Amino acid sequence: MAEKEETLQSIFPSGRVKRIVKLDREINKLNSDALFLISNATELFIKLLTEKSSEVAIEKKRKTIKLEHLRVAVKRHRPTADFLLDSLPVPVSAPIMPETDRSRKNNSDDKSNSVPAGPRRIDSFFQKCP
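Summary of the structure given here. (Residues numbered from 1 in each chain as written. Predicted model: local features only at pLDDT ≥ 70, side-chain atom pairs only at ≥ 80, totals over all residues. Heavy atoms only, no water.)

### Brief notes about the overall build of the protein
Looking only at helices and strands, the protein features four helices and zero strands. The linear arrangement of helices and strands in the protein, starting from the amino end, is α-α-α-α. Evaluated residue by residue, the protein yields a buried proportion of 15% over its 130 residues. Put simply, 41% of the contacts in the protein that link residues at least 6 apart link residues at least 24 apart. Looking at the protein as shown, the accessible area adds up to about 11,700 Å², and 54% of this sits on carbon and sulfur atoms. (Helix = DSSP H or I, 4+ residues; strand = E, 2+ residues; numbered from the N terminus. Buried < 20%, exposed > 50% of the residue type's maximum accessible area, 1.4 Å probe, protein only. Contact = heavy atoms within 4.5 Å. Areas by Shrake-Rupley, 256 points an atom, 1.4 Å probe, with all protein chains shown as cover.)

This is the structure:
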């Protein structure tokens, strides 16, 4: 019987994970084993959040997971709520406009379409460099 050697690999690019970890000024070097564990722990954490958020979406009879479903899932899972709830953006309710004004779009409401204020966003960090 020949044993197959499985190579374990994370779904996250190791270079990007390493750059994110090195954003912490207290960390100078990062062992490849530690990098692997951080990547896999992050993957498991994201799976947990998506499963819990999916349960909330199903309870509310929705097919798409929205921010409100994620917030409810985080609130229900106490260990996650302790550190993550303050970092999630607060849902912004859409202003209710009278029926006559709905047909007209006002360009002065550009602020309502912008990114919500809150913790520093890292979306640009994950974009590919030119």
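Moving on, there is more to tell.
### Some details on the nonpolar core
L49, V74, A81, L84, L85 and L88 form the largest nonpolar core, which has six residues in total. Dropping the residues within four chain positions of it, L49 is found in contact with L70, V74, T80 and L84. (Core = buried A, V, L, I, M, F, W, Y, C linked by side-chain atoms within 4.5 Å.)

### A closer look at the side chain of S10
With respect to the helices and strands, S10 occurs in the segment before α1 (14-21). We classify S10 as buried; its relative accessible area is 16%. Within the structure, S10 has its side chain in polar contact with the backbone nitrogen of F12 (distance 3.2 Å). S10 has contacts with S39, N40 and E43, leaving out every residue within four places of it along the chain. (Polar contact = N/O pair within 3.5 Å; in protein donor to acceptor, adjacent residues only side chain to side chain.)

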